[in-house]
Amino acid sequence: MISVHLIIFLIFGAVCVAGAINLLAQTHPINSALSLVVVMGALAVEYLLLGAEFVAAVQVIVYAGAIMVLFVFVIMLLNAGKEERTKGGSYVAMIVGIPGMLAGSVLVAWVLLTHSGTNSVAAGALPGSPTQLAPLLFHEFLLPFEVTSILVLVAIMGAVVLASHPNADQKKEKA
Amino acid sequence: MNIVPFIIFAVIKIALALFVLLTAVAYTVWLERKVVGRIQNRWGPTRVGPFGLLQPAADGVKFIFKEDLTPPHVYKPLYIAAPIIAVVFALTSIALIPVGNDVTVLGYTIPLQIADVNIGLLIVLGITSLGVYGIALSGWSSNSKYSLLGGLRASAQMISYEIALGLSLVGVLILAGSLSLREIVEAQSGHFFGFIPNWNIFHGLQIVGFFVYIMAAYAETNRIPFDLPEAETELVAGYHTEYSAMKFAMFFMAEYANMITVACLASLLFLGGWSGPVVGPPIVRALLPVLWFSLRIFIFLFIYIWVRGTLPRFRYDQLMSFGWKFLLPLAIANLVITALVVVLVN
């Protein structure tokens, strides 16, 4: 039975894949970044159709609205130019890579569908409202949640350490 | 409700909301020129129509007939897309804003809101957070140093203040227990001590949250005293330096539409939405809440303009340290205290 939900789901799935392919095909970093924004937006619609409305909103606010803005910000700041393509080898990559990738994804899908014991999720089936999500995040999965936050914090601190030059004078001399 | 009347009413509501919003945008510009004029001891627009009231129409005609310049060396696809992105996201968020109680027309009960979504507030925040792309991309694609600096400033500023803005709203959400804008307003109905309205700013003691929200919202809409992205003394006009005619007007419309959205959210979340005395025959009863809501928005817009006429611009480092070192801790403290009070009272 084909419902409107399924049709919209398939359309946005196609948008998602097309955005991802466009991300790889574009030569300019800012076009790639914007393709990724499209992927994020299409993913948010998919979450919404599955019933995970809170995750969909967070996907837009956090990924499309904040993280990707930072990506674009960095690209603007560095004024990154066009990607330099290496000549040759790309045909081999296309001939071997695309069928290989397709075979790999079919394999993964087959394993997931046959051995995980779950069927595909029906539209609107996920418990997605904030009141259903909050007990999961802050009671059942509190420890993984907090550990993930600490992991992100460690990564940020690492980035700060890497970015800050303890001896700024040396940097000046080099420049 | 059947699908056909639903669609008819939805189309009518969308058309009406767009018309009212665009008119409000045009007359906010007029109001700004008038009020700032009077603050600076001059008259503002007076020539076109009585009190210059037709000035927005004249400006619109001018924008349409001006030459639409595209400078050489711009990155054309994004140069054209940027103002569209800015104005589309600015105008879309009005769809989630409720403006009054349900009204009954021809036997159908119609909510005065285009889309009543149970996570309405999050969607408004999501849409407004995407609006920054218009500004960032216009700055980058113009291929001009002033535009680029304006775009960089805007994106850094908007990301920084979005955090304080979001956290300042969580206190309200804890009190209301809902993300639906309509339910948040309904949770604020009634009075306490007999006469003080149950608004979140009084009853929920969200005055700190309100303060953080207003400060962050001024920064999010790039208005004085946080209008660094278009600081004309240093950046010509910032991100829209290279734009002319209708493309420039679209950035202008986006800015004022965002101001109106901010005013709507502030009224809904902190000031009781459309609550107010309702008397008279049914038609007046249905429309008075809309009037009370519009009055709050007018006051907000007036304060926006008043601030513009009064305050100087911050320095960029002041802007950043204000956002990260003052507003953000204040918003977190407000959140913790509100959560503690709610837990202890219940």
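Residues numbered from 1 in each chain as written. Chains lettered and ligands numbered in written order. Predicted model: local features only at pLDDT ≥ 70, side-chain atom pairs only at ≥ 80, totals over all residues. Heavy atoms only, no water.

1. Observations concerning the overall build of chain B
Right, so step 1: Counting its secondary structure elements, chain B contains 12 helices and four strands.
Right, so step 2: The C-alpha radius of gyration of chain B comes to 21 Å, within 12% of the 20 Å expected for a compact globule of 346 residues.
Right, so step 3: Each principal axis of the C-alpha distribution contributes one length, and for chain B these read about 60 × 50 × 45 Å.
Right, so step 4: The contacts of chain B with a sequence gap of at least 6 include a subset with a gap of at least 24, amounting to 75%.
Right, so step 5: Accessible surface computed for chain B: about 16300 Å², of which carbon and sulfur atoms make up 72%.
Right, so step 6: Considering chain B, the positive charge centre built from 20 side chains and the negative charge centre built from 17 side chains are found 8 Å apart. (Helix = DSSP H or I, 4+ residues; strand = E, 2+ residues; numbered from the N terminus. Rg over C-alpha atoms; globule rule 2.2 N^0.38 Å. Contact = heavy atoms within 4.5 Å. Areas by Shrake-Rupley, 256 points an atom, 1.4 Å probe, with all protein chains shown as cover. Lys, Arg positive; Asp, Glu negative; His and termini not counted. Charge placed at Lys NZ, Arg CZ, Asp CG, Glu CD.)

2. Focus: the environment of leucine 328 of chain B
Residue and element names in this part refer to chain B.
Right, so step 1: Within the secondary structure, leucine 328 sits in helix α12 (residues 316-345).
Right, so step 2: Of the residues examined, leucine 328 reaches a relative accessible area of 14% and is grouped as buried.
Right, so step 3: As a C-alpha pair, leucine 328 and tyrosine 161 span 167 residues in sequence and 8.3 Å in three-dimensional space.
Right, so step 4: For leucine 328, the contacting residues outside a window of four places in its chain are Ile163, Ala164, Leu167 and Gly323. (Buried < 20%, exposed > 50% of the residue type's maximum accessible area, 1.4 Å probe, protein only.)

3. Things to note about the nonpolar core
Nonpolar side chains tend toward joint burial in soluble globular proteins.
Right, so step 1: In terms of nonpolar packing, the biggest core is built from 101 residues, with Tyr133, Tyr213, Leu269 and Phe270 of chain B touching the most fellow members.
Right, so step 2: Top element by residues in this core is helix α10 (residues 245-270) of chain B. It accounts for 15 residues.
Right, so step 3: Filtering out sequence-adjacent residues up to four positions away, tyrosine 133 of chain B remains in contact with Leu34, Val37, Ala64, Met68, Val69 and Val72 of chain A together with Ile85 and Ser138 of chain B.
Right, so step 4: Ranked by size, the runner-up nonpolar core spans five residues in total, among them Leu31, Val35, Val36 and Ile305 of chain B. (Core = buried A, V, L, I, M, F, W, Y, C linked by side-chain atoms within 4.5 Å.)

4. Observations regarding the pairing of strand β1 (residues 100-105) of chain B
Residue and element names in this part refer to chain B.
Right, so step 1: Pairing analysis gives four bridges linking β1 to strand β2 (residues 108-112), with the strands arranged antiparallel. Along β2, the bridge assignment pairs glycine 100 with leucine 112.
Right, so step 2: Linking two consecutive strands that pair antiparallel, namely β1 and β2, is a turn of two residues; a positive phi of about 55° is found at leucine 106 within it. (Pairing = 2+ DSSP bridges.)

5. Observations regarding unusual backbone geometry
Right, so step 1: The phi dihedral of phenylalanine 51 of chain B is positive, around 55°, even though this residue is not glycine.
Right, so step 2: Residue phenylalanine 51 of chain B is classed as exposed on the basis of its relative accessible area of 61%.

6. Brief notes about the side chain of serine 168 of chain B
Residue and element names in this part refer to chain B.
Right, so step 1: Looking at the element boundaries, serine 168 is found in helix α6 (residues 145-176).
Right, so step 2: In this structure serine 168 comes out as buried when scored by relative accessible area, which is 0%.
Right, so step 3: In contact with serine 168, not counting residues within four places along its chain, are Gly209, Val212, Tyr213, Phe270, Ala331 and Asn334.

7. A look at the layout of surface pockets
Summary: where empty space remains is shown by rolling a probe the size of a single water molecule over the atoms.
Right, so step 1: Computed from the structure, the largest pocket encloses a volume of approximately 1900 Å³.
Right, so step 2: Elements supplying a minimum of two residues to the lining of the largest pocket: α3 (53-78) and α5 (130-140) of chain A together with α4 (120-130), α6 and α12 of chain B.
Right, so step 3: Counting residues per element, the lining of the largest pocket draws most heavily on α3 of chain A, which supplies 11 residues.
Right, so step 4: Residue composition of the lining of the largest pocket, grouped by class: 32 nonpolar, eight polar and three charged. (1 Å grid on protein atoms, 1.4 Å probe; cavity = no way out; pocket = protein on both sides within 12 Å on 5 of 7 lines; lining within 4 Å. Points joined across faces, edges and corners; volume = space filled by probe spheres on them. Nonpolar A, V, L, I, M, F, W, Y, C, P; charged D, E, K, R; others polar.)

8. Examining the confidence of the model for chain A
Right, so step 1: On average, residues of chain A score 81 in pLDDT, and 81% of them are at 70 or above.
Right, so step 2: Per-element confidence in chain A ranges from a low mean pLDDT of 54 for helix α7 (residues 168-174) of chain A to a high of 90 for helix α6 (residues 142-163) of chain A. (pLDDT = per-residue confidence, 0-100.)

9. Observations regarding the packing of aromatic side chains
Residue and element names in this part refer to chain B.
Right, so step 1: Tallied over the entire structure, the rule returns 20 aromatic pairs over all chains.
Right, so step 2: Where tyrosine 75 meets tryptophan 140, the ring centres are 5.7 Å apart and the plane angle is 70°; that geometry is what we call edge-to-face. In this pair, tyrosine 75 is assigned in the loop between α2 (55-65) and α3 (76-92) and tryptophan 140 in helix α5 (residues 132-141), connecting sequence segments 65 residues apart.
Right, so step 3: For tyrosine 75, a relative accessible area of 28% translates into the label partly exposed.
Right, so step 4: Taken together, a centroid distance of 5.5 Å and an interplanar angle of 70° make the contact between tyrosine 239 and phenylalanine 251 edge-to-face. A residue pair is termed long-range when its members are at least 10 positions apart, and tyrosine 239 in the loop between α9 (232-235) and α10 and phenylalanine 251 in helix α10 qualify at 12 residues. Assigned by exposure class, tyrosine 239 and phenylalanine 251 land together as buried.
Right, so step 5: An aromatic cluster is built from Tyr161, Phe226, Phe314, Phe322 and Phe326, whose rings are joined through pairwise contacts.
Right, so step 6: Seen from the ring of phenylalanine 63, lysine 62 lies directly overhead, with NZ or CZ sitting 5.6 Å from the centre. (Phe/Tyr/Trp six-rings, centres within 6.5 Å; stacked < 30°, edge-to-face > 60°. Lys NZ or Arg CZ within 6 Å of the ring centre and 35° of its normal.)

10. Considerations on the environment of leucine 169 of chain B
Right, so step 1: With respect to the element layout, leucine 169 of chain B can be found in helix α6.
Right, so step 2: Overall, leucine 169 of chain B belongs to the buried group, its relative accessible area being 1%.

11. Considering the interface of chain B and chain A
Right, so step 1: Across the contact, 22 residues belong to chain B and 22 residues belong to chain A.
Right, so step 2: Carbon and sulfur atoms make up 79% of the surface buried where chain B meets chain A, a total of about 1900 Å² over both sides.
Right, so step 3: In terms of surface lost to chain A, no three residues of chain B exceed Tyr133, Trp140 and Leu152 of chain B, which account for 31% of the buried area on that side.
Right, so step 4: Applying the counting rule to chain B against chain A returns zero salt bridges.
Right, so step 5: Remark: the boundary between chain B and chain A carries four residue pairs in polar contact (both at pLDDT 80 or more).
Right, so step 6: Of all the secondary structure elements, the ones that give two or more residues to the side of chain B that touches chain A are α4, α5 and α6 of chain B.
Right, so step 7: Ranked by residue count, the leading element in the side of chain B that touches chain A is α6 of chain B, at seven residues. (Buried area = accessible area lost by both parts, 1.4 Å probe. Salt bridge = Lys/Arg side-chain N within 4 Å of Asp/Glu carboxyl O. Polar contact = N/O pair within 3.5 Å; in protein donor to acceptor, adjacent residues only side chain to side chain.)

12. Section: the pattern of salt bridges
A side chain of one charge can pair with a side chain of the opposite charge if their charged atoms are brought near each other.
All names here are of chain B.
Right, so step 1: Taken as a whole, this structure holds seven salt bridges over all chains when the rule is applied.
Right, so step 2: Here arginine 223 ties to glutamate 32 by a salt bridge, and the two come within 2.8 Å at their closest N and O atoms. Taken together, the positions of arginine 223 in the loop between α8 (207-220) and α9 and glutamate 32 in helix α1 (residues 3-39) put the pair 191 residues apart, joining distant regions of the chain.
Right, so step 3: Notably, a salt bridge pairs aspartate 59 with arginine 33, separated by 3.3 Å at the nearest N-O pair. Note that aspartate 59 is positioned in helix α2 and arginine 33 in helix α1, a separation of 26 residues in sequence.
Right, so step 4: The exposure class assigned to aspartate 59 is buried, which follows from its relative accessible area of 18%.

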